[in-house]
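So the chains spell out like this:
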Amino acid sequence: MNHRWVAGGMAVGVIAVAAVFWVVRQTPDSTPAPVEAKSSPAPAEGEGRRSISIYQLATPSVSPPEKVRRVYSLVQNYRQVLRNRGGPPLSSNREFTTALTGRNALKIQFLPPDHPSISGDGELLDAWDTPYFFHVLSADSLEVRSAGSDRVSFNADDLVFPPPRPGDSLQSVIRSKPTAP
C-alpha cells in the first residue's frame with residue numbers, strides 16, 4: 001500500500017515539473033524594456049539640510065552652525081559603527097580626525113584624509129579655520145564646539161552641538177567654578 005502512495009506522489013511530481021517546463025517554453029521570450037532613470041526633484045527650501053555633503057563642510061554656502069552639527073553627526077556615526085570594537089578612547093581633535101579619516105579598528109573612512117577642512121596639523125577646522133573642540137561628556141555623549149567668529153573658545157559666540165543643557169556642558173562647569181579670592 002505504501003508503495004502505491006510513493007509511486008503516485010512521484011508521478012504527480014514528475015507531471016508538475018513537466019507542466020512548469022511546458023509553460024515556460026510556451027511563453028514568448030521577451031526582454032524587458034529598459035527603465036529610464038528618473039531624476040529626483042530638487043529638495044524644497046529647507047529640505048536636505050541633514051544630508052549635506054561632507055565636502056560642504058569647507059564651503060561658505062553652509063552655515064557655521066550646520067557645519068558644527070554635521071561634524072557632530074560624523075563623530076556620532078563613527079562612535080556608533082565602532083562601538084565595542086576596541087581601540088583607545090578619543091578625546092583630542094587630532095585623535096577624532098585620525099579616526100574619522102580611516103585610521104580606526106575597522107579601517108572605515110568617514111572623512112577623506114585630504115579634506116579641505118583638515119589642517120596641516122591633522123585637526124578638523126571650523127568655518128573660521130579654528131580647530132573644533134570635542135568634549136566627551138560620557139561613554140555615549142559628547143559635544144562639538146566651534147570657537148566662533150572671534151576664534152576664542154568658551155565665550156558667548158561659541159557654537160555648540162548639541163546645544164548645552166544646564167549642568168552637562170563644559171561651559172556650565174566653567175561658569176559655576178568659584179573664582180579665587
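About the thresholds
Residues numbered from 1 in each chain as written. Predicted model: local features only at pLDDT ≥ 70, side-chain atom pairs only at ≥ 80, totals over all residues. Heavy atoms only, no water. Axes fitted to C-alpha atoms, helices over the stretch in contact; angles between N-to-C directions. Helix = DSSP H or I, 4+ residues; strand = E, 2+ residues; numbered from the N terminus. Parallel < 35°, antiparallel > 145°, perpendicular 65-115°, else oblique. Left-handed = near helix turned anticlockwise from the far one by under 90°. Contact = heavy atoms within 4.5 Å. Nonpolar A, V, L, I, M, F, W, Y, C, P; charged D, E, K, R; others polar. pLDDT = per-residue confidence, 0-100. Phe/Tyr/Trp six-rings, centres within 6.5 Å; stacked < 30°, edge-to-face > 60°. Pairing = 2+ DSSP bridges.

## Section: the packing of helix α2 (residues 64-81) against helix α3 (residues 93-100)
Here comes step 1: For the pair α2 and α3, interaxial distance at closest approach is 11 Å and the crossing angle is 65 degrees. Judged by the angle between their axes, α2 and α3 are roughly perpendicular. The element α2 and its partner α3 pack so that their crossing is left-handed. The segment α2 lies against α3, with Leu 74, Val 75 and Tyr 78 engaging Phe 96, Ala 99 and Leu 100.
Here comes step 2: For the contact of α2 with α3, the per-class residue count stands at six nonpolar, no polar and no charged.

## Notes on the confidence of the model for the protein chain
Here comes step 1: On average, the protein chain scores 75 in pLDDT, and the residues at 70 or more come to 62%.
Here comes step 2: Contacts of residues 27-51 to residues separated by more than four positions or lying in other chains number six contacts, the stretch itself having pLDDT below 50.

## Details of the packing of aromatic side chains
Here comes step 1: Applying the stated criterion across every chain, the model contains five aromatic pairs.
Here comes step 2: Between Tyr 72 and Phe 161 the ring centres are 5.0 Å apart and the planes differ by 65 degrees, which places this aromatic pair in the edge-to-face class. Of this pair, Tyr 72 sits in helix α2 while Phe 161 sits in strand β3 (residues 159-161), and the two are 89 residues apart along the sequence.
Here comes step 3: For the ring pair Tyr 78 and Phe 110, a centre distance of 5.8 Å and an interplane angle of 80 degrees mean the geometry is edge-to-face. In this pair, Tyr 78 is assigned in helix α2 and Phe 110 in the loop between α3 and β1 (133-138), connecting sequence segments 32 residues apart.
Here comes step 4: Here a set of aromatic residues connected by ring pairs shows up, and it is made of Phe 96, Tyr 132 and Phe 134.

## Examining the sheet that holds strand β2 (residues 141-146)
Here comes step 1: Spatially, the three strands line up as an open sheet ordered β1-β2-β3, and their pairing is antiparallel. Looking at strand neighbours, the two that pair on one side only are β1 and β3, the edges of this open sheet. Neighbour-to-neighbour, the strand axes of the sheet open up by a mean angle of 20 degrees, direction not taken into account.
Here comes step 2: As judged from the three bridges shared by β2 and β3, these two strands associate in the antiparallel manner. Residue Val 144 lies in a different strand from β3, and its bridge partner there is Phe 161.
Here comes step 3: Each of β1, β2 and β3 is contacted by α2, which is oriented at about 150 degrees to β2, the strand it contacts most.

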